[in-house]
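Here are the chains, one letter per residue:
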Amino acid sequence: MNLTISGHHLEVTPSLRSYVMAKLERILRHFDQVVDVKVLLSVGKQKEKDQRQRAGCTVRVKGQDLFVETQHSDLYAAVDVLADKLDRVVLRYKTRQQGPRATAKRLESIDVVQP
């Protein structure tokens, strides 16, 4: 898994980087086929003081990109909410990939050779 953490109008400190990495380890517990993860942490305009801190994440999995974005007054809280939302999105993607429809498609694609 390639993890890229970048900041927009803010410096990504080592403590913030380790916090984000620890929170994103949850998605690997459910789904290990993650190819690439890009996290963008940013600070918005001064007018929006209540929801100024933003955290966005794009997860590239086999065949699809999953995107989640959150806003909060505290950046660490925004990362927490981001991890929760991303966990739900990854679980939903995983269940869709393992559902009865996906199983039927996989069985159709297998060539059965009879003697």
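Just above sits the structure.
The paragraphs below set out a description of the structure included in this document. (Residues numbered from 1 in each chain as written. Predicted model: local features only at pLDDT ≥ 70, side-chain atom pairs only at ≥ 80, totals over all residues. Heavy atoms only, no water.)

Across its full length, the chain holds three helices and four strands. For the chain, the α and β elements follow one another from N to C terminus as β-α-β-β-β-α-α. In the chain, buried positions account for 31% of the 115 residues. The long-range fraction of contacts in the chain, counting pairs at least 24 apart against all pairs at least 6 apart in sequence, stands at 48%. Just so you have it, the chain exposes about 8000 Å², and 50% of that area is on carbon and sulfur atoms. (Helix = DSSP H or I, 4+ residues; strand = E, 2+ residues; numbered from the N terminus. Buried < 20%, exposed > 50% of the residue type's maximum accessible area, 1.4 Å probe, protein only. Contact = heavy atoms within 4.5 Å. Areas by Shrake-Rupley, 256 points an atom, 1.4 Å probe, with all protein chains shown as cover.)

So, about the sheet that holds strand β1 (residues 2–8). One open sheet holds the four strands; their spatial order is β1-β2-β3-β4, and the pairing between them is mixed. Both outer strands of the open sheet, β1 and β4 (64–72), are each paired with one neighbouring strand and no more. Within this sheet the neighbouring strands show an average axis-to-axis angle of 10°, counted without direction. By the bridge criterion, seven bridges tie β1 to strand β2 (residues 34–43) in an arrangement that is parallel. Within β2, the position partnered with leucine 3 by the bridge is valine 37. The sheet contacts of helix α2 (residues 75–97) involve β2, β3 (53–61) and β4, and relative to β4 the element is tilted by about 150°. (Pairing = 2+ DSSP bridges. Axes fitted to C-alpha atoms, helices over the stretch in contact; angles between N-to-C directions.)

Let's shift gears to the pattern of salt bridges. Counting across every chain of the model gives four salt bridges. In this structure, the salt-bridge partner of arginine 26 is aspartate 84, at a minimum N-O distance of 3.1 Å. In this pair, arginine 26 sits in helix α1 (residues 14–30) while aspartate 84 sits in helix α2, placing the two residues 58 residues apart along the sequence. Among the residues examined, arginine 26 registers a relative accessible area of 24% and is labelled partly exposed. A single network of salt bridges, built from pairs that share partners, joins Arg26, Asp84 and Asp87. (Salt bridge = Lys/Arg side-chain N within 4 Å of Asp/Glu carboxyl O.)

Across the interface, α1 lies against α2 with an axial gap of 9 Å and an inter-helix angle of 20°. On the basis of their axis angle, the class for α1 and α2 is roughly parallel. With respect to the hand of their crossing, α1 and α2 are arranged in right-handed fashion. Facing Ser15, Leu16, Tyr19, Val20, Lys23, Leu24, Arg26, Ile27 and His30 of α1, the residues of α2 in contact are Leu75, Tyr76, Val79, Asp80, Ala83, Asp84, Leu86, Asp87, Val90, Leu91 and Lys94. Taken together, the residues that form the contact of α1 with α2 break down as twelve nonpolar, two polar and six charged. (Parallel < 35°, antiparallel > 145°, perpendicular 65-115°, else oblique. Left-handed = near helix turned anticlockwise from the far one by under 90°. Nonpolar A, V, L, I, M, F, W, Y, C, P; charged D, E, K, R; others polar.)

Of all hydrophobic cores here, the largest spans 25 residues; its most connected members are Val37, Val39, Leu41, Val59 and Leu86. Secondary-structure elements contributing two or more residues to this core are α1, β2, β3, β4 and α2. With eight residues, the top contributor of residues to this core is α2. Residues contacting leucine 86, with those up to four places away along its chain left out, are Leu24, Ile27, Cys57, Val59 and Val68. (Core = buried A, V, L, I, M, F, W, Y, C linked by side-chain atoms within 4.5 Å.)

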